[in-house]
Amino acid sequence: MELLNLHKDGSKVELFDVQQVKEVAEKIQQQFEAIHDVETVGIMEAVGRVLASDIVSSEDVPGFNRSTVDGYAVIARNTYGSSESMPTFFKIIGSVEMGKEVTQEIRDGEAMYVPTGGMLPKGADAVVMIEDVEVIGDLLNVFEQVAPRENVILQGEDVKLNEVILKKGHRLRPQDLGGLAAIGITEVTVYRKIKVGILSTGDELVPPDTKELLTGQIRDINGISISAAVQALGGEAIYGGIVTDEYEEYLKRAKELFEQVDFLILSGGSSMGTKDYTNRVMNELGQPGVFVHGVAIKPGKPTIIANCDGKPVMGLPGHPVSAMVLFDLFATQILNQLHGVITNRFAKQLKAKISRNVASQVGRTDYVRVKLEIRNDELWAIPVFGKSGLITNLVKSDGMIEIPEFKEGIVEGEWVNVLLFS
Ligand code: AMP
Ligand code: MG
């Protein structure tokens, strides 16, 4: 039997020791620590960055009671019982100007015009919408009753003085930066960007700007898509270019890039072919080396993950679809861990109905690319089938669904979770 596991040149064939998706995720969790170097950036540059400290407001927002509609500030109880047929009369005593403080006070039976966002005069506790009144000179007919605080945002209702509005480990989204602007914070302390090196291997690969391909050549896809995926997660991508399937050269280039980065991703050469050196290269980069060699997953079984002197190194399968799926699953996890980001995995999930039966093997987690469509007001996931060597397969999809290792497949009309591509 041993003999069957020898290459033609007599060298021993290594075998995959596949692990389940969950097991791999747990191992990654235990292996890599966050890199907590910090820097200060302006809010205009902070989107996608991860907060290194809690953000505490030093003031109330809004700083004054303000109206949320165009209308008339009144004392709510004065409007009780008002209706289309039984309006209540008020005396208009003035109008509030936008961005200005009002000193005039409202008493029973009085009203003041307030624009949306304008300050509520003292004494008033609600605003009647302009649609529900009639103005006759300085007389106001109110046709609708309002409750106290109706159409009003109270001082501090949005943010209170000393309130923690964003937590350390939060990845800043555009709306968060708006929130920071609201409380006058224009600079934030964030963790530095994790540097991720990407090296593509394969004798057949040429740079994407190659005008004419010779027979057998293909343009490097993964170098580009994986670099972009790193950037989309707030990392700094360092594309190391293409290296041929020559062990010495591959090791040298991988070492050079490894030295410059916090996380190295190698694309291609991760299977068991005679010229697949990724596993060997990874074991040369540091100790203890490879701890995942093969994942029970489709696509993407030949995936390798190593810890080289504390630094993660990942070997992605060369098929562009496999590379992307495996990046999404594990490289994302590693990168988020290094960035110290607290993530909500479910923020990127949607529920949809599957449009057809999909078979799957027990003992392996299957990931099927899907396109989303609305049919009769319901969200449907339409599988985009095709070999994982087809890049447009990914271009046509919005996300993917997971068929867990214990399931034999899913049937048409079944609810599925769609993991959206970012
Ligand atoms: P490998 O993982 O090296 O065995 O490659 C598997 C398949 O993916 C082969 O058909 C390769 O040509 C293809 N491939 C490998 N690397 C890339 C890449 N960077 N871009 C596009 N296709 C690739
Ligand atoms: Mg190859």
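Provided above is the structure to which this section pertains.
So, here is what we can say about the structure in this document.

Focus: the site of ligand 1
Reasoning step 1: What surrounds ligand 1 is a group of 15 residues, the closest being Glu-204, Asp-220, Ile-221, Gly-269 and Gly-318.
Reasoning step 2: Side-chain polar atom of Glu-204 to an oxygen atom of ligand 1: 2.5 Å apart, as the coordinates give it.
Reasoning step 3: A distance of 2.9 Å separates a nitrogen atom of ligand 1 from a polar atom in the backbone of Ile-221.
Reasoning step 4: For ligand 1, the accessible surface in isolation is 480 Å², of which the surrounding protein chains cover 78%.
Reasoning step 5: By residue class, the composition of the shell around ligand 1 is 5 nonpolar, 7 polar and 3 charged.

Overview of helix 1 (residues 21-31)
Reasoning step 1: Three or more residues of helix 1 are buried, namely Val-21, Val-24 and Ile-28. Down the axis of helix 1, the buried set is contained in an arc of 65°. They therefore lie on one face. Turned more than 90 degrees off the buried face of helix 1, the exposed positions are Lys-22, Gln-29 and Gln-30.
Reasoning step 2: Check the buried side of helix 1 and you find it contacts strand 18 (288-293), strand 19 (297-298), strand 20 (304-308), helix 6 (320-339) and strand 24 (365-375).

Quick word on helix 3 (residues 222-232)
Reasoning step 1: Asn-222, Gly-223, Ile-226, Ser-227, Ala-229 and Val-230 are the residues of helix 3 that are buried. The buried residues of helix 3 all sit within an arc of 160° when viewed along its axis, so they share a single face. Those residues of helix 3 that are exposed and aimed more than 90 degrees away from the buried face are Gln-231 and Ala-232.
Reasoning step 2: Among the structural elements, strand 13 (195-201), strand 16 (236-243), strand 17 (263-267), strand 21 (311-316) and helix 6 are those in contact with the buried residues of helix 3.
Reasoning step 3: Remark: Gly-234 follows helix 3 within two positions and exhibits a positive phi of approximately 85°.

Side note on the side chain of Ser-227
Reasoning step 1: Take Ser-227: it is sitting in helix 3.
Reasoning step 2: Those residues within four positions of Ser-227 in sequence are excluded, and the remaining contacts are Ile-198, Asn-222, Ala-237 and Tyr-239.

What about the sheet that holds strand 9 (residues 139-142)?
Reasoning step 1: If you walk across this open sheet you meet the 6 strands as 7-4-6-5-9-8, and the pairing is mixed. The outermost strands of the open sheet, each flanked by one partner alone, are strand 7 (126-129) and strand 8 (133-136). In this sheet, adjacent strand axes meet at a mean angle of 40° when their direction is disregarded.
Reasoning step 2: Across 4 bridges, strand 8 lies against strand 9 in antiparallel orientation. Directly across from Val-135, in strand 9, lies its bridge partner Leu-140.

A closer look at the pairing of strand 6 (residues 110-114)
Reasoning step 1: Along strand 6, 4 of the 5 residues are buried, which leaves the element largely enclosed by surrounding structure.
Reasoning step 2: Of the pairings in the sheet, the one linking strand 4 (residues 71-74) to strand 6 comprises 3 bridges and is antiparallel in character. In the sheet register, Gly-71 faces strand 6, and the bridge partner there is Val-114.
Reasoning step 3: Across 3 bridges, the pairing between strand 5 (residues 88-95) and strand 6 is parallel. Looking at strand 6, one finds that Lys-91 is bridged to Glu-110.

Describing the nonpolar core
Most often, soluble globular proteins have nonpolar side chains that are buried together.
Reasoning step 1: Counting 37 residues, the largest nonpolar core has Phe-263, Ile-265, Ile-305, Met-314 and Phe-330 as its most contacted members.
Reasoning step 2: Mapped by element, the contributors of at least two residues to this core are helix 1, strand 13, helix 3, strand 17, strand 18, strand 21 and helix 6.
Reasoning step 3: Sort the elements by how many residues they give to this core and helix 6 lands first, with 12 residues.
Reasoning step 4: Those residues in contact with Ile-305, other than ones at most four positions away along the chain, are Val-24, Ile-28, Met-282, Gly-289, Val-290, Phe-291, Val-292, Val-313, Met-314, Phe-330 and Ile-334.
Reasoning step 5: By size, the runner-up hydrophobic cluster in this structure holds 20 residues, among which are Tyr-250, Leu-251, Val-281 and Ala-306.

Reading the values: rules and limits
Residues numbered from 1 in each chain as written. Chains lettered and ligands numbered in written order. Predicted model: local features only at pLDDT ≥ 70, side-chain atom pairs only at ≥ 80, totals over all residues. Heavy atoms only, no water. Near = heavy atom within 4 Å. Polar contact = N/O pair within 3.5 Å; in protein donor to acceptor, adjacent residues only side chain to side chain. Areas by Shrake-Rupley, 256 points an atom, 1.4 Å probe, with all protein chains shown as cover. Nonpolar A, V, L, I, M, F, W, Y, C, P; charged D, E, K, R; others polar. Buried < 20%, exposed > 50% of the residue type's maximum accessible area, 1.4 Å probe, protein only. Helix = DSSP H or I, 4+ residues; strand = E, 2+ residues; numbered from the N terminus. Arc of directions from axis to C-beta. Contact = heavy atoms within 4.5 Å. Pairing = 2+ DSSP bridges. Axes fitted to C-alpha atoms, helices over the stretch in contact; angles between N-to-C directions. Core = buried A, V, L, I, M, F, W, Y, C linked by side-chain atoms within 4.5 Å.

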